[in-house]
There are 2 protein chains.
Amino acid sequence: MEASEIYKCIADPQRLRIINLLEAGPLCVCHMQEILEVPQVKMSKQLSSMKQLGLLEAHREGTWMIYKLVDPVEGLITANLCYLREAACAECNQLQRDLTKREKLILKVTKIENDCPQEVCQQIACC
Amino acid sequence: MEASEIYKCIADPQRLRIINLLEAGPLCVCHMQEILEVPQVKMSKQLSSMKQLGLLEAHREGTWMIYKLVDPVEGLITANLCYLREAACAECNQLQRDLTKREKLILKVTKIENDCPQEVCQQIACC
DNA sequence: ACAGTATATACTATATTTAGTATATATTTG
DNA sequence: CAAATATATACTAAATATAGTATATACTGT
């Protein structure tokens with residue numbers, strides 16, 4: 001994968017936020033949609049472009065489509081996420097807030113509504 | 001400066017090559033033009049957009065306009081250049097070739113043609 | 001003041017990216 | 001099989017970015 005393609009990808013704050021979320025574990029489209037507060041179409045299109053780029057992979061669980069970062073994660077992605085998280089910049093705060101929101105959402109859909117893809121729930125269960 | 005702006009900048013291979021060159025020291029437009037083999041207009045426009053973004057600064061020496069990276073260099077830029085140079089990827093090879101070409105060009109215009117902005121020549125003189 | 005060199009800008013054409021609306025597909029449940 | 005939910009795609013409109021040509025500006029040396 002070309003570095004420039006990766007930069008183009010993370011040059012969009014929204015896409016960077018997606019990567020940041022997925023780095024914490026797989027998620028389905030509707031949950032990312034809720035965390036990032038974007039319309040379904042936009043979410044779906046961004047995910048599919050990132051998948052096509054080779055950064056993400058997806059599988060279906062019921063009606064849910066679960067996306068995750070490919071393994072191994074592209075080094076340039078990891079390096080930049082790392083950097084940004086330590087940079088104490090505005091973007092970094094956003095990324096942190098997203099992660100917090102993710103935690104809360106997973107807890108809610110797992111424990112309260114009992115309506116969560118298994119793979120996503122497990123992130124809570126085993127900790 | 002927003003991270004996304006920096007990513008957008010280095011997502012263009014040409015602009016990344018400019019940053020890579022300038023990281024080794026200031027250069028005037030016509031020399032970068034020669035090293036990167038791009039038309040004058042393109043070079044000038046890219047430089048001016050990067051300057052406007054706050055990554056570069058320029059000053060005049062005679063008819064030459066000398067560009068350099070702002071000091072201190074944006075950390076995200078440094079981190080990524082570092083990463084790319086160690087990554088042994090296709091882009092990295094290009095960046096390395098550019099640096100070699102830069103050395104040769106500066107030597108030529110300094111010693112042979114004696115036609116080089118002082119600030120640029122000095123990079124050779126003192127080593 | 002004039003010619004030559006280096007650089008920048010205006011304007012235009014073209015390509016690329018993004019966003020929105022509507023619709024389609026896949027799956028589950030009753 | 002019909003209804004509901006989650007996701008994807010086609011199509012279009014709008015915004016952005018890029019490239020090219022021509023022209024302008026700034027400076028130097030004569």
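The present account deals with the structure reproduced in this document. This is a predicted model, so every value here is computed, not measured.

Digging into the overall build of chain A
So, point 1. Scanning chain A for helices and strands turns up 7 helices and 3 strands.
So, point 2. Reading chain A from its N terminus to its C terminus gives the helix and strand order α-α-β-α-α-β-β-α-α-α.
So, point 3. In terms of C-alpha radius of gyration, chain A reaches 14 Å, essentially the compact-globule figure of 14 Å for 127 residues.
So, point 4. In chain A, which comprises 127 residues, the proportion classed as buried is 46%.
So, point 5. Across chain A, contacts joining residues at least 24 apart in sequence account for 61% of those joining residues at least 6 apart.
So, point 6. Summed over all atoms, the accessible surface of chain A reaches about 6,600 Å², with 51% contributed by carbon and sulfur.

A look at the interface of chain B and chain A
So, point 1. Taken residue by residue, the interface counts 15 residues in chain B and 15 residues in chain A.
So, point 2. Taking both partners together, chain B and chain A bury about 1,300 Å²; carbon and sulfur atoms supply 63% of that area.
So, point 3. The interface formed by chain B and chain A contains 0 salt bridges.
So, point 4. At the level of secondary structure, the elements contributing two or more residues to the side of chain B that touches chain A comprise helix 1 (3–10) and helix 5 (75–86) of chain B.
So, point 5. Classifying every residue of the side of chain B that touches chain A by side-chain character gives 9 nonpolar, 3 polar and 3 charged.

Here's the deal with the protein's contact with DNA strand C
So, point 1. Close contacts around DNA strand C come from 18 residues, with A:Lys45, B:Cys30, B:Gln40, B:Ser44 and B:Tyr67 the closest.
So, point 2. Per the 4 Å cut-off to the protein, sugar and phosphate atoms form 60% of the nearby atoms of DNA strand C.
So, point 3. The separation between a phosphate oxygen of DNA strand C and a polar side-chain atom of B:Ser44 is 3.0 Å.
So, point 4. Counting only elements with at least two residues in the surface near DNA strand C, the list comes to helix 4 (40–53) of chain A together with helix 3 (29–36), helix 4 (40–53) and strand 3 (64–69) of chain B.
So, point 5. The leading source of residues in the surface near DNA strand C is helix 4 of chain B, at 4 residues.
So, point 6. Across the surface near DNA strand C, the residue classes tally to 8 nonpolar, 5 polar and 5 charged.

Concerning the relation of the copies chain B and chain A
So, point 1. Superposition of chain B onto chain A requires a rotation of 180 degrees combined with a translation of 0.0 Å along the rotation axis, giving an RMSD of 0.0 Å. In symmetry terms, the pair is related by a two-fold rotation axis. By C-alpha distance to the rotation axis, the residue of chain B lying nearest is B:Tyr7, at 2.7 Å.
So, point 2. Mapped onto chain A, 100% of the interface residues of chain B again fall at the interface, so both copies present the same surface.

Describing the environment of A:Ala24
So, point 1. Tracing the sequence through the fold places A:Ala24 in the loop between helix 2 (13–23) and strand 1 (27–28).
So, point 2. The sequence separation of A:Ala24 and A:Glu103 amounts to 79 residues, and the corresponding C-alpha distance is 9.6 Å.

Description of the sheet that holds strand 1 (residues 27–28) of chain B
Residues and elements named next belong to chain B.
So, point 1. The 3 strands are arranged 1-3-2 in an open sheet whose pairing can be described as antiparallel. Two strands close off the open sheet at either side, each with one partner strand: strand 1 and strand 2 (56–61).
So, point 2. Sheet topology places strand 1 next to strand 3; 2 bridges connect them, and they run antiparallel. Bridged to Cys-28 within strand 3 is Ile-66.
So, point 3. Lying on the sheet, helix 4 is in contact with strand 2 and strand 3; it crosses strand 2 at an angle near 120 degrees.

Conventions we followed
- Residues numbered from 1 in each chain as written.
- Chains lettered and ligands numbered in written order.
- Predicted model: local features only at pLDDT ≥ 70, side-chain atom pairs only at ≥ 80, totals over all residues.
- Heavy atoms only, no water.
- Helix = DSSP H or I, 4+ residues; strand = E, 2+ residues; numbered from the N terminus.
- Rg over C-alpha atoms; globule rule 2.2 N^0.38 Å.
- Buried < 20%, exposed > 50% of the residue type's maximum accessible area, 1.4 Å probe, protein only.
- Contact = heavy atoms within 4.5 Å.
- Areas by Shrake-Rupley, 256 points an atom, 1.4 Å probe, with all protein chains shown as cover.
- Buried area = accessible area lost by both parts, 1.4 Å probe.
- Salt bridge = Lys/Arg side-chain N within 4 Å of Asp/Glu carboxyl O.
- Nonpolar A, V, L, I, M, F, W, Y, C, P; charged D, E, K, R; others polar.
- Near = heavy atom within 4 Å.
- Polar contact = N/O pair within 3.5 Å; in protein donor to acceptor, adjacent residues only side chain to side chain.
- Least-squares fit on C-alpha atoms with pLDDT ≥ 70 in both.
- Pairing = 2+ DSSP bridges.
- Axes fitted to C-alpha atoms, helices over the stretch in contact; angles between N-to-C directions.

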